[in-house]
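Summary of the model geometry
What follows is the residue order along each chain.
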Amino acid sequence: MISTEPGSDLLTALRIAHPEWRPLLALIEAARWEIERPEWRDSVPSIPSPSPGPEPLLSGTVLAVASRPIERWVHRVLVTAAGAGPDAPFVDAATARRIDPRSLLQAAVAQDEEHLDGLSRTVGDTHGVLAALAPLLAMPLLHACRRAWTASVPVSWPHGYCPTCGAWPTLAEIRGLDSGRHLRCRRCGGDWVTEWLLCPFCGERDHAQLGSLVSAGRLERDKIEVCDRCHGYIKTTMTFAPIPPEQVVLQDLATVVLDVAAVERGYRLPQSRGPVATRIVAGRSGLRAFLSRAFELGVV
Ligand SMILES: [Zn+2]
Ligand SMILES: [Zn+2]
């Protein structure tokens with residue numbers, strides 16, 4: 001059984017256990033490195049005061065990102081994905097160049113499925129590869145947002161979707177000695193507390209409509225919580241400490257057997273909530289960005 005304790009090298013464990021996942025794991029590893037690059041951090045605006053409404057923090061923001069990091073990151077993802085073989089038939093060097101990197105990142109960050117569909121049609125992506133890559137593409141910028149806006153996340157967030165980026169949770173943690181239930185976002189690593197008996201997708205609270213499944217071969221700490229009102233499900237794992245934000249995407253992959261079990265029983269993940277109103281505009285690059293930031297900080 002793969003160790004999924006926070007702090008363990010889950011990436012290495014998955015590489016050994018699932019050599020067939022190596023192209024995907026290479027993408028995730030690339031995303032983890034990319035998250036640490038300062039260009040993304042420098043693109044995130046400050047949020048003066050948190051909104052009391054139901055919109056995630058990302059909504060209404062304008063992210064000024066220079067062209068170079070976008071082009072570099074999008075190109076890297078598409079080229080790495082090409083190693084996945086025949087399931088990514090459009091991702092060759094020539095067709096990858098036909099995709100506008102900024103447009104693709106915009107669609108990915110905003111979860112704009114219509115926009116993604118249009119880009120897929122442009123390059124003949126009939127396998128939904130771009131849609132599958134979208135959460136990974138969005139990770140560097142959205143992790144930067146989460147880090148920058150931590151203090152602005154409402155202490156109490158009663159909604160099922162991520163308070164930072166607006167995505168549905170990818171898993172739930174039953175955490176620590178007090179067994180608090182936390183929802184986690186694979187796009188930005190977000191972490192928010194929720195009630196025990198509550199479907200994050202439709203808000204169902206009736207215990208007669210809510211249940212859980214345990215997949216054969218899994219440890220007792222892993223289960224699938226299901227809702228018979230909306231037929232949604234969420235993978236749930238018991239943890240002593242929070243899964244590090246950068247590892248949520250790996251934990252999601254490590255528990256894919258639970259997704260299979262849920263789908264086999266007629267449950268499914270919900271559709272995206274619709275695009276978040278955010279825009280990625282052209283930002284300053286290189287020396288100009290550095291000097292501007294230094295000026296803001298009073299260094300020069
Ligand atoms: Zn999020
Ligand atoms: Zn539900």
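Note: the structure precedes this text.
Think of each chain on its own: its residues are numbered from 1, step by step along the sequence as written. Numbering of ligands from 1 and lettering of chains from A proceed in the order in which they are written. A pLDDT threshold of at least 70 governs which residues receive local features in this predicted model, and a stricter bar of 80 or more applies before side-chain atom pairs are shown or counted, although totals over entire chains, interfaces and linings include all residues. The side-chain quantities take in all heavy atoms of the structure and omit both hydrogens and water.

**Quick notes on the overall build of the protein**
- Going along the chain from the N terminus, every DSSP run of H or I of four or more residues is numbered as a helix, and every run of E of two or more is numbered as a strand. Looking only at helices and strands, the protein has 11 helices and 8 strands in total.
- For each residue, the accessible area found with a 1.4 Å probe, counting protein chains only, is set against the maximum for its type, and the residue is called buried under 20%, exposed over 50%, and partly exposed in between. In the protein, which comprises 300 residues, the share counted as buried stands at 48%.
- Across the protein, every contact between residues at least 6 apart in sequence was considered, and the portion connecting residues at least 24 apart equals 68%.
- Accessible surface, the protein as shown: approximately 14,700 Å² in total, 57% of it carbon and sulfur. Should any heavy atoms of two residues lie within 4.5 Å, those residues are considered in contact. In these tables, accessible area is a Shrake-Rupley quantity obtained with a 1.4 Å probe, and a residue counts as shielded only by the protein chains included in the view.

**Focus on the side chain of Arg187**
- Structurally, the position occupied by Arg187 is in the loop between β3 (180-184) and β4 (191-194).
- Positive charges come from Lys and Arg alone, negative charges from Asp and Glu alone, with His and the N- and C-terminal ends not counted. The rule for a salt bridge is simple: a side-chain nitrogen of Lys or Arg has to be within 4 Å of a carboxyl oxygen of Asp or Glu. An unpaired buried charge is present at Arg187: no salt bridge exists, and Glu113, the closest side chain of opposite charge, is 9.5 Å distant.
- Whenever a nitrogen or oxygen atom comes within 3.5 Å of another N or O atom, the pair is scored as a polar contact, on the condition that within protein one atom can donate a hydrogen and the other can accept it, and that pairs from neighbouring residues in sequence are kept only if both atoms are in side chains. Side-chain polar atoms of Arg187 contact the backbone oxygen of Ala108, separated by 2.7 Å.
- For Arg187, the side chain forms a polar contact with the main-chain oxygen of Val109, separated by 3.0 Å.
- Ignoring sequence-local partners within four residues, the contact set of Arg187 consists of Leu58, Ala108, Val109, Gln111, Pro135, Ala138, Met139, Leu142, His143, Cys165 and Ala167.

**Things to note about unusual backbone geometry**
- Although it is not a glycine, Gln111 sits at a positive phi angle of roughly 55°.
- Of note in the backbone geometry, Ser179 takes a positive phi value of approximately 55° without being a glycine.
- Inspection of the secondary structure puts Ser179 in the loop between β2 (171-175) and β3.

**Points about the nonpolar core**
- What is meant by a nonpolar core is a set of buried Ala, Val, Leu, Ile, Met, Phe, Trp, Tyr and Cys residues, joined one to another through side-chain atoms within 4.5 Å. Of all hydrophobic cores here, the largest spans 69 residues; its most connected members are Leu58 and Val109.
- Among the secondary structure elements, those contributing two or more residues to this core are α1 (10-17), α2 (22-35), β1 (62-65), α4 (67-82), α6 (101-110), α7 (113-123), α8 (129-148) and α9 (248-254).
- When residues of this core are assigned to their parent elements, the largest contribution, 12 residues, is made by α8.
- Setting aside anything within four residues of it in sequence, one finds Val109 in contact with Leu58, Leu63, Ala138, Leu141, Leu142, Arg187, Thr278 and Ile280.

**Thoughts on the coordination of the zinc ion (ligand 2)**
- The donor set comprises N, O and S atoms within 2.8 Å of the metal, extended to 3.2 Å for Na, K and Ca; water molecules are omitted, so apparent gaps in a site may simply reflect that omission. Donor atoms from the polypeptide that coordinate the zinc ion (ligand 2) comprise Cys199 (SG), Cys202 (SG), Cys227 (SG) and Cys230 (SG), at 2.3 to 2.4 Å from the metal.
- Metal-centred angles of 104 to 113° between the 4 donor atoms at the zinc ion (ligand 2) mark the site as tetrahedral.
- If you list the donors of the zinc ion (ligand 2) from N- to C-terminus, the spacing comes out as C-x2-C-x24-C-x2-C. Here Cys202, found in the loop between β4 and β5 (210-213), pairs with Cys230, found in the loop between β6 (222-227) and β7 (233-239); they are 28 residues apart in sequence, far enough to count as distant.
- Overall, Cys230 belongs to the buried group, its relative accessible area being 18%. Every angle between 85 and 135 degrees makes a four-donor site tetrahedral, while opposite donors more than 155 degrees apart, with all other angles between 65 and 115, make a four-donor site square planar and a six-donor site octahedral; other sites are irregular.

**Observations regarding the packing of α4 against α6**
- Axis definition: a line fitted to C-alpha atoms, over the contacting stretch in the case of helices. Angles run 0 to 180 degrees between N-to-C directions. At their nearest, the axes of α4 and α6 sit 9 Å apart, and the two run at 80° to each other. The angle between α4 and α6 falls in the class roughly perpendicular. Contact residues: α4 offers Ser67, Ile70, Glu71 and Val74, while α6 offers Pro101, Arg102, Leu104 and Leu105.
- Here the residues of the contact of α4 with α6 sort into 5 nonpolar, 1 polar and 2 charged. Our angle categories are set so that under 35 degrees counts as roughly parallel, over 145 as roughly antiparallel, 65 to 115 as roughly perpendicular, and the remainder as oblique. Nonpolar residues are Ala, Val, Leu, Ile, Met, Phe, Trp, Tyr, Cys and Pro. Charged residues are Asp, Glu, Lys and Arg, and all others, Gly as well, are polar.

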